[in-house]
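Okay, here's what each chain looks like letter by letter:
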Amino acid sequence: GEDVEQSLFLSVREGDSSVINCTYTDSSSTYLYWYKQEPGAGLQLLTYIFSNMDMKQDQRLTVLLNKKDKHLSLRIADTQTGDSAIYFCAERFDSNYQLIWGAGTKLIIKP
Amino acid sequence: DTGVSQNPRHKITKRGQNVTFRCDPISEHNRLYWYRQTLGQGPEFLTYFQNEAQLEKSRLLSDRFSAERPKGSFSTLEIQRTEQGDSAMYLCASSLDGTEETQYFGPGTRLLVL
């Protein structure tokens, strides 16, 4: 089936690291993405990783990919209140370029 | 603003009416996608175009849904005989053909069918 799984909620304290996890289904997906959606706003691309990579770092964001387990994670260092949003992971099916999405993880920041 | 734009941003209609949404992609992007997002869910792929050719439409939700991209630039998504279950956010994205293929999203059109 085409299911991308994510936890629905994550609560962290301001200043701590947030780790959002995702499992995907298609081992042949070449690209995996993380998007951010704030209330009333569109989907904003945060980062992506190519399937032949294990890790990608971009400022406060670190993406880890475990192809064997089909597991993707997004770590946000020094989480700030502005990071409050819903985070979606998505895998790309190369046959028709469609993105298959998880249901999103709502990141809640505690002061 | 050179991002993806969508119009209208909101649409309220009565059940049974037809609605049409427009998407203007980033100007140099040759691929255009339509998704639907309901509350608490991730986007659901509907269809995509490469230039003016609609290369995937099997995911359109029913024959009441149709999309066009007549000149390979803007696209329209039409829903005929709307039903209450069509209420959702309709998202458009565009990308440039290439290895990276990152899809950039518009702000969406929120449809409410009464």
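Refer to the preceding data block for the structure.
Below: a short report on this structure. (Residues numbered from 1 in each chain as written. Chains lettered and ligands numbered in written order. Predicted model: local features only at pLDDT ≥ 70, side-chain atom pairs only at ≥ 80, totals over all residues. Heavy atoms only, no water.)

Here we take up the interface of chain A and chain B. Contacts between the two partners involve 19 residues from chain A, matched on the other side by 22 residues from chain B. Taken over both partners, the interface formed by chain A and chain B buries close to 1,700 Å², and the fraction arising from carbon and sulfur atoms is 50%. At the junction of chain A and chain B, the tally comes to zero salt bridges. Counting the contacts that link chain A with chain B gives three residue pairs in polar contact (both at pLDDT 80 or more). Only strand S4 (31–37), strand S5 (43–50), strand S9 (85–92) and strand S10 (99–101) of chain A provide two or more residues apiece to the side of chain A that touches chain B. Here the side of chain A that touches chain B gets four residues from one element, more than from any other, and that element is S4 of chain A. Partitioning the side of chain A that touches chain B into residue classes produces 11 nonpolar, six polar and two charged. (Contact = heavy atoms within 4.5 Å. Buried area = accessible area lost by both parts, 1.4 Å probe. Salt bridge = Lys/Arg side-chain N within 4 Å of Asp/Glu carboxyl O. Polar contact = N/O pair within 3.5 Å; in protein donor to acceptor, adjacent residues only side chain to side chain. Helix = DSSP H or I, 4+ residues; strand = E, 2+ residues; numbered from the N terminus. Nonpolar A, V, L, I, M, F, W, Y, C, P; charged D, E, K, R; others polar.)

Looking now at the sheet that holds strand S7 (residues 61–66) of chain A. Residue and element names in this part refer to chain A. The strand order across the open sheet formed by five strands is S1-S3-S8-S7-S6, and the pairing between neighbours is antiparallel. Each edge of the sheet is formed by a strand with only one pairing partner; in this case those strands are strand S1 (5–6) and strand S6 (55–58). With four bridges connecting them, S6 and S7 associate as antiparallel partners. When the bridges of S7 are listed, Lys56 appears paired with Val63. (Pairing = 2+ DSSP bridges.)

With that settled, the discussion passes to the environment of Gly16 of chain B. All names here are of chain B. Locating Gly16 in the fold gives a position in the loop between strand S2 (10–13) and strand S3 (19–24). For Gly16, a relative accessible area of 42% puts it in the partly exposed group. Placed 65 residues apart in sequence, Gly16 and Arg81 show a C-alpha to C-alpha distance of 4.0 Å. If near-sequence neighbours (up to four positions away) are discounted, Gly16 is found in contact with Arg81 and Thr82. (Buried < 20%, exposed > 50% of the residue type's maximum accessible area, 1.4 Å probe, protein only.)

Another point: unusual backbone geometry. Here the amide bond leading from Asn7 of chain B into Pro8 of chain B is cis, since omega sits at -10 degrees, within 30 degrees of zero. Mapped onto the fold, Pro8 of chain B is located in the loop between strand S1 (5–7) and S2. With a phi angle near 55 degrees, Lys70 of chain A is a residue other than glycine that sits in the positive phi range. Examined against the element boundaries, Lys70 of chain A turns out to sit in the loop between S7 and strand S8 (71–76). You can call Lys70 of chain A partly exposed: its relative accessible area is 27%. For Arg81 of chain B, which is not glycine, the phi torsion reads 50 degrees and is therefore positive.

What follows deals with the state of the cysteines. Enumeration over the complete set of coordinates arrives at two disulfides over all chains. The residue that forms a disulfide with Cys22 of chain A is Cys89 of chain A, at a sulfur-sulfur distance of 1.8 Å. In this structure, the disulfide formed by Cys22 of chain A and Cys89 of chain A twists by about 60 degrees around the S-S bond and is classed as right-handed. In this pair, Cys22 of chain A is assigned in strand S3 (residues 18–23) and Cys89 of chain A in strand S9, connecting sequence segments 67 residues apart. There is a disulfide in this structure between Cys23 of chain B and Cys92 of chain B, and the S-S distance comes to 1.8 Å. Taking the sign of the torsion about the S-S bond as the criterion, the disulfide between Cys23 of chain B and Cys92 of chain B, at about -65 degrees, is left-handed. Of this pair, Cys23 of chain B sits in strand S3 while Cys92 of chain B sits in strand S9 (residues 88–95); the two residues are 69 residues apart in sequence, bridging distant segments of the chain. Per residue, the accessibility class of Cys23 of chain B equals that of Cys92 of chain B, and both read buried. (Disulfide = S-S within 2.5 Å.)

Moving on, we get to the side chain of Ser18 of chain A. Residues and elements named next belong to chain A. As for its position among the elements, Ser18 is in strand S3. Ser18 gets classed as buried once you look at its relative accessible area, which sits at 0%. Within polar-contact distance, the side chain of Ser18 engages the side chain of Thr79 at 2.7 Å. Leave out the neighbours within four places in its chain, and Ser18 touches Leu10, Val12, Leu74, Arg75, Ile76, Thr79 and Leu107.

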